[in-house]
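The lines below spell out each chain.
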Amino acid sequence: MTTKQEQQIVRPTKTNRHSAAHGLLFVFCLLLSCVVLASIPDDHPRRPTNDSRIHLIHSDVMYKNWNDPGAEVLVGNVKLNHEGVFLDCDSARFYREENRFDAYGRVVMIQGDTVKLTCDTLYYDGRDYMARAYGRVKLYHRDTRLETDNLNYDRLQGVGYYPQGGVLYDGDNVLVSDCGQYTMGTHEAFFTYNVQLNNPKFVLVSDTLYYYTDTEFARIVSPTNITSSDSTFVYAERGDYDTKKGKANLLNRSYIIKDMRKIVGDSLYSDKESGVDEAFGNVIITDEENLCILQGNYCKYYEQTGNAMATDSAMVIDYSTADSIFVHGDTLKMFTYNFNTDSVYRNLHAYNRVRMFRRDVQGVCDSLVIIQPDSCTYMYGQPILWNMNQQVFGEEIRVYNNDSTIDWVHVINQAMTIEQLDSVRYNQVSAKEMFSYFKDGEIDWNEAHGNVYVIYYVDEDDGNPIGLNYVETTDMKMWMENRKIQKIWMPTAKCNMYPPLKIPADRLHLENFAWFDYIRPLDKDDIFVWRGKESKYILKKTEQKTAPIQNLNALK
């Protein structure tokens with residue numbers, strides 16, 4: 001049986017238990033603070049400690065000068081230390097009471113294993129941890145070197161600032177500016193006035209620039225020009241540029257110029273390695289060599305092939321002739337052939353809800369292909385073509401140009417051409433296949449082949465109507481003059497002439513007749529407003545029927 005005194009020994013009081021807990025907590029905090037301090041890099045800004053005095057480690061000679069009684073004059077192999085910073089110099093004036101010194105001749109200041117400062121003269125104040133270096137100043141931080149003649153270095157913030165010109169060396173990048181600041185903890189350099197970034201692959205010129213030594217990224221915040229070794233020119237006012245990989249994210253209507261092609265947009269993304277440029281928002285790609293413009297709210301350009309595409313309000317403008325042609329589609333693609341040669345040419349592919357406008361010709365279809373060497377435009381999917389008061393449609397339309405004007409048009413399957421005379425009268429020709437030949441922008445003569453049906457009005461020279469002529473034949477040629485029929489040729493045909501007041505109702509229009517004036521683009525802005533055919537007028541594609549293969553064994 002234990003005594004009362006023994007019970008007190010084996011059972012600590014409440015106060016003793018709290019003291020033990022506090023002791024364990026103190027040890028834990030002490031260990032944690034040691035771990036945290038050990039994890040702080042040498043170039044990280046530090047708070048002043050209780051012992052912030054500058055210590056003299058060595059000097060060959062030390063004496064007092066009556067002209068400067070507050071200073072200890074140090075000469076020969078001078079070594080000083082202040083809170084992790086070691087300084088070597090030829091001579092110094094040490095103001096012990098003021099906790100500062102002036103160092104002269106081959107000054108070397110070392111902070112840990114990441115920061116080194118060399119100069120001819122250095123003034124250091126231990127009270128505010130500021131160093132002011134002069135003469136052939138070099139600040140080393142890891143693999144980065146800053147050179148100038150005048151540098152202010154704030155140890156507490158880890159910031160070096162030069163006000164009278166300096167050069168930063170970082171890998172392949174050499175940055176020159178009138179003023180600059182380098183923050184070691186964030187690896188951020190800030191340059192102002194006559195900034196130039198020189199790289200073997202490009203030169204960047206700006207008025208203000210941020211640069212990060214850990215990523216080799218340049219942040220653009222003012223008007224900036226970038227000229228690459230392959231003559232690519234970039235203008236930007238805001239954005240980021242990866243100097244190592246050649247990737248750029250640019251804002252504020254930046255643009256890229258390469259080989260007479262200019263890309264401008266609200267924002268741009270450029271990848272030099274892949275040769276792909278992407279642009280967003282009010283994008284304009286101008287090809288001054290081929291005199292065309294590609295527009296859209298999203299565009300993509302391939303520098304290595306010269307191919308391009310556009311979507312979202314996409315439009316291509318060909319201004320190679322006096323009358324520009326405007327083409328819109330949900331998606332536009334331009335394919336370049338014989339790129340970087342004297343025989344370069346481009347083909348245009350337009351997909352879905354295609355509309356085009358030119359002063360003398362307009363068109364609508366589902367998809368379109370323009371082949372530049374053939375000067376031919378292929379229209380697919382319910383195509384319609386207008387020229388003045390002429391309308392042509394069919395299953396497929398091919399338009400061949402001669403320089404700036406239409407040369408001839410080929411309409412394939414369910415072809416129909418209509419000429420509007422007034423609000424009620426229409427000359428009409430339908431056939432399996434049709435050709436229209438132009439002269440000076442107007443139809444000169446037509447050819448129709450296969451199941452030809454014709455309705456045309458005959459007038460006297462003074463304009464008084466004679467009647468309506470209805471014709472059924474196999475082939476026909478029709479010559480025009482001043483947009484009027486002058487002569488018709490056909491083989492044997494079935495013809496009926498109806499006086500003006502005795503025209504049957506079923507002879508006013510041919511089968512499949514439709515006047516699509518409500519679809520026709522009115523101007524270059526109207527091409528973005530889609531208006532399709534009414535369902536009853538949609539042509540069903542004709543099918544080629546083949547004779548069945550006979551079974552010879554069944555004939556035996």
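Residues numbered from 1 in each chain as written. Predicted model: local features only at pLDDT ≥ 70, side-chain atom pairs only at ≥ 80, totals over all residues. Heavy atoms only, no water.

## A look at the nonpolar core
Part 1: Counting residues in each nonpolar core, the largest one holds 95 residues, and the members touching the most others are Leu87, Phe101 and Leu122.
Part 2: Filtering out sequence-adjacent residues up to four positions away, leucine 87 remains in contact with Val78, Lys79, Leu80, Phe101, Ala103, Val107, Val108, Met109 and Leu122.
Part 3: Judged by nonpolar contacts, the second largest core, of 19 residues, contains Trp386, Tyr498, Phe513 and Phe516. (Core = buried A, V, L, I, M, F, W, Y, C linked by side-chain atoms within 4.5 Å. Buried < 20%, exposed > 50% of the residue type's maximum accessible area, 1.4 Å probe, protein only. Contact = heavy atoms within 4.5 Å.)

## A short note on a nonpolar patch on the surface
Part 1: Residues Val61, Tyr63 and Val75 make up a contiguous nonpolar surface patch of roughly 240 Å² in combined accessible area.
Part 2: With respect to the helices and strands, the residue valine 75 is situated in strand 3 (residues 68-82).
Part 3: Residue valine 75 is classed as partly exposed on the basis of its relative accessible area, which comes to 34%. (Patch = residues over 30% accessible without salt bridge, like charges linked within 9 Å, V, L, I, M, F, W, Y side chains within 5 Å. Areas by Shrake-Rupley, 256 points an atom, 1.4 Å probe, with all protein chains shown as cover. Salt bridge = Lys/Arg side-chain N within 4 Å of Asp/Glu carboxyl O. Helix = DSSP H or I, 4+ residues; strand = E, 2+ residues; numbered from the N terminus.)

## Description of the side chain of glutamine 111
Part 1: Its place among the elements puts glutamine 111 in strand 5 (residues 100-111).
Part 2: Glutamine 111 sits in the buried class, given a relative accessible area of 7%.
Part 3: Looking at glutamine 111, its side chain comes within polar contact range of the side chain of tyrosine 153, at 3.2 Å. (Polar contact = N/O pair within 3.5 Å; in protein donor to acceptor, adjacent residues only side chain to side chain.)

## Section: the packing of aromatic side chains
Part 1: Throughout the structure, instances matching the rule amount to 19 aromatic pairs.
Part 2: An angle of 25 degrees between the planes, with centres 5.2 Å apart, marks the rings of tyrosine 235 and tyrosine 255 as stacked. Of the two residues, tyrosine 235 sits in strand 17 (residues 233-236) while tyrosine 255 sits in strand 19 (residues 247-258), which places them 20 residues apart along the sequence. In terms of burial, tyrosine 235 and tyrosine 255 fall into one category: buried.
Part 3: Summarising the aromatic geometry, the rings of tryptophan 408 and tyrosine 437 are spaced 6.0 Å apart at their centres and angled 20 degrees between planes, so their arrangement reads as stacked. Taken together, the positions of tryptophan 408 in strand 33 (residues 405-420) and tyrosine 437 in strand 34 (residues 426-439) put the pair 29 residues apart, joining distant regions of the chain.
Part 4: Overall, the relative accessible area of 23% leaves tryptophan 408 in the partly exposed class.
Part 5: Using a relative accessible area of 21% as the deciding quantity, one classes tyrosine 437 as partly exposed. (Phe/Tyr/Trp six-rings, centres within 6.5 Å; stacked < 30°, edge-to-face > 60°.)

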